[in-house]
Amino acid sequence: MNTQELDKKYVLQTYGRGDVEFVSGDNATLTDTGGKQYIDFTSGIGVVSVGHANARVNAAICQQIGKITHTSNLYNIAPQAKAAEAIVNASGYDMACFFGNSGAEANEGAIKIVRKHGERDGEIKRYKIITLKHSFHGRTITTVKATGQEAMHNYFGPFPDGFVYAEDIQAIEALLDDHTAAVMIELIQGEGGVEPQDKKQVQALEKLLKSKHIPLIVDEVQTGGYRTGEFTASQVYGITPEIITLAKGIGGGVPVGVVMTSLKNVLSPGDHGSTFGGNYLSTTAVCSVIEILNELKVSGELDKTSAYFNEVLDNFYETNKKLFTQKVGIGMMCGLRVIDAETLGSIMSNAKENGVMVLRAGRNTLRFLPPLTITKEEINEGFKALAAAVSSL
Ligand SMILES: *Cc1c(COP(=O)(O)O)cnc(C)c1O
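**Quick look at the overall build of the protein chain**
- Helix and strand content of the protein chain: 12 helices and 17 strands.
- For 393 residues, the compact-globule formula gives about 21 Å, and the C-alpha radius of gyration of the protein chain, at 21 Å, lands near that figure.
- Overall, the protein chain is about 65 × 50 × 50 Å in size when its C-alpha atoms are taken along their principal axes.
- Burial status across the protein chain gives 51% buried among its 393 residues.
- Long-range pairs, those at least 24 residues apart, make up 70% of the contacts in the protein chain with a sequence separation of at least 6.
- Carbon and sulfur atoms make up 51% of the accessible area of the protein chain, which totals about 17800 Å².
- If the 37 positive side-chain charges of the protein chain are averaged to one point and the 44 negative ones to another, these points end up 1 Å apart.

What follows is the structure, encoded as structure tokens:
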């Protein structure tokens, strides 16, 4: 049986996979089973931030697993401690980290921290967590309930109590009460359709919450790891949240999730844990990925790549205004609003035929999350293929 047949027979069918199968990659270029090459504007949904088959990350991982891969968190783990230091230093925030294995798990950790923080905050149990409509926070029972999309709340209940959805940032204030434990937001909604929040509104929210001693959780699972130009989007927005969650881009393809928080003493030994979280394999990858991205940021290369990608995307948008209504996003988390969902579907399939991989977000957004190491040549080639993909529409 070929891969597709094996998948259909032995893997639960929870994804609409399409028919492509990649066998290798090199930076932002992918090769499929037939030897056809594609430019990757998706980086595995913002994961492969330093490109496919990154030689430095691979060398670091291979060297580490040649010595030791896993010991459990009952012992000290050098790369975990170093990864935490690298994350905290790159962010500039006075925080400490907990390591898990995914974005949803990072958000679960954040929720546990604010629920315990709310518990010890006096006689009133603060348990409510306000999130936004159209948000996306994960697929576990709790994070699916934290996700402000009704369509995702089918079948799986009863859910944990205490999640309240605000229409937008400005609607949050009216929902705060004595039971509010935290507010959790994405600064740029990713799955919701590449929707950046307004900077002034976010700063006003931060000030309001600080005055009421309500922690702000920023879900940076998609925006973290220099995706928006700084290590966190919180830095871009000029705010200091109490908790930031990270995952996708910081492991370069190795599963990892991180909760970082200034509430360093809320959890005590025994309150939280993870078997795999922070092991030698994943945190060695994190150290290597952050080192590479720090260098790109300091040299100015990261900002140059982002500026060039956006320049070419702007041109593409300007020349195809009959298909697109708006360009959105920050840094290398960008999107184009497509006139309708059907046209977006055609663009997606034509793009694949022409050798460029792109993403959908929300109902009508064509989303771009290229590797942050993408070269000028790869950007040019990708948009050439995309121009061919839309030429018949
Ligand atoms: C992808 C994503 C998640 C979920 O991450 P998983 O690793 O799939 O659990 C949570 N929040 C945001 C903002 C995301 O983009």
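Picking up where we left off.
**Here's the deal with a nonpolar patch on the surface**
- A cluster of nonpolar side chains, M1, L6, Y10 and V11, forms an exposed patch at the surface whose accessible area comes to about 420 Å².
- Structurally, V11 is set in the loop between α1 (3–10) and β1 (22–26).
- Among the residues examined, V11 registers a relative accessible area of 37% and is labelled partly exposed.

**A closer look at the domain arrangement of the protein chain**
- Taken domain by domain, the protein chain holds domain 1 (3–53 + 300–390) and domain 2 (68–298).
- The distance between the C-alpha centroids of domain 1 and domain 2 comes to 26 Å.
- Of the residues lining the interface, 28 residues belong to domain 1; the matching set on domain 2 comes to 28 residues.
- For the pair domain 1 and domain 2, the two sides together bury roughly 2200 Å², of which 63% comes from carbon and sulfur.
- Broken down residue by residue, the surface that domain 1 buries against domain 2 is led by L302, I330 and M333, which jointly contribute 28%.
- Scanning the region where domain 1 abuts domain 2 turns up 3 salt bridges.
- The partner of D303 in a salt bridge is K297, with the nearest N and O atoms 3.2 Å apart.
- Counting the contacts that link domain 1 with domain 2 gives 18 residue pairs in polar contact (both at pLDDT 80 or more).
- With 4 residues, strand β14 (residues 333–338) is the largest single contributor of residues to the side of domain 1 that touches domain 2.

**Remarks on the pairing of strand β5 (residues 128–132)**
- Within β5, 4 of the 5 residues are buried, which leaves it mostly tucked inside the rest of the structure.
- Sheet analysis places β5 next to strand β7 (residues 180–185), joined by 3 bridges and oriented parallel. Each residue of the ladder has a partner; that of I129, found in β7, is A182.
- Considered for its hand, the β-α-β crossover made up of β5, helix α6 (residues 141–146) and strand β6 (residues 163–166) is right-handed.

**Brief notes about the packing of aromatic side chains**
- In total, this model carries 11 aromatic pairs according to the counting rule given.
- Look at F22 and Y38: their rings are 5.2 Å apart centre to centre, the planes differ by 85°, and that puts the pair in the edge-to-face class. Residue F22 is found in strand β1, and its partner Y38 is found in strand β3 (residues 37–40); the two are separated by 16 residues along the sequence.
- Judged by its relative accessible area of 31%, F22 falls in the partly exposed class.
- The side chain of K376 reaches across the aromatic face of Y308, ending 4.8 Å from its centre.

**Quick look at the pattern of salt bridges**
- Inspection of the entire model under this criterion finds 17 salt bridges.
- Residue D19 pairs with K352 through a salt bridge whose shortest N-O separation is 3.0 Å. Within this pair, whereas D19 is found in the loop between α1 and β1, its partner K352 is found in helix α11 (residues 341–354), the two being separated by 333 residues in sequence.
- Residue D19 is classed as exposed on the basis of its relative accessible area, which comes to 51%.
- Between E119 and K125 there is a salt bridge, and its shortest N-O distance comes to 3.3 Å.
- Its relative accessible area of 46% is what places E119 among the partly exposed residues.
- Given the relative accessible area of 30%, K125 is considered partly exposed.
- Ionic contacts of the salt-bridge type, sharing partners, join the residues R56, E291 and E295 into one network.

**Thoughts on the layout of surface pockets**
- The computed volume of the second largest pocket comes to approximately 580 Å³.
- Taken together, 24 residues form the lining of the second largest pocket, with Q80, C97, F98, F99 and H272 sitting closest to its centre.
- Secondary structure elements with two or more residues in the lining of the second largest pocket: α4 (78–91), β4 (96–100) and β12 (257–261).
- The dominant element in the lining of the second largest pocket, judged by the number of residues it contributes, is β4, at 4 residues.

Parameters at a glance
Residues numbered from 1 in each chain as written. Predicted model: local features only at pLDDT ≥ 70, side-chain atom pairs only at ≥ 80, totals over all residues. Heavy atoms only, no water. Helix = DSSP H or I, 4+ residues; strand = E, 2+ residues; numbered from the N terminus. Rg over C-alpha atoms; globule rule 2.2 N^0.38 Å. Buried < 20%, exposed > 50% of the residue type's maximum accessible area, 1.4 Å probe, protein only. Contact = heavy atoms within 4.5 Å. Areas by Shrake-Rupley, 256 points an atom, 1.4 Å probe, with all protein chains shown as cover. Lys, Arg positive; Asp, Glu negative; His and termini not counted. Charge placed at Lys NZ, Arg CZ, Asp CG, Glu CD. Patch = residues over 30% accessible without salt bridge, like charges linked within 9 Å, V, L, I, M, F, W, Y side chains within 5 Å. Salt bridge = Lys/Arg side-chain N within 4 Å of Asp/Glu carboxyl O. Domains from an automatic or database assignment. Buried area = accessible area lost by both parts, 1.4 Å probe. Polar contact = N/O pair within 3.5 Å; in protein donor to acceptor, adjacent residues only side chain to side chain. Pairing = 2+ DSSP bridges. Right-handed = clockwise from strand over helix to strand, strands pointing away. Phe/Tyr/Trp six-rings, centres within 6.5 Å; stacked < 30°, edge-to-face > 60°. Lys NZ or Arg CZ within 6 Å of the ring centre and 35° of its normal. 1 Å grid on protein atoms, 1.4 Å probe; cavity = no way out; pocket = protein on both sides within 12 Å on 5 of 7 lines; lining within 4 Å. Points joined across faces, edges and corners; volume = space filled by probe spheres on them.

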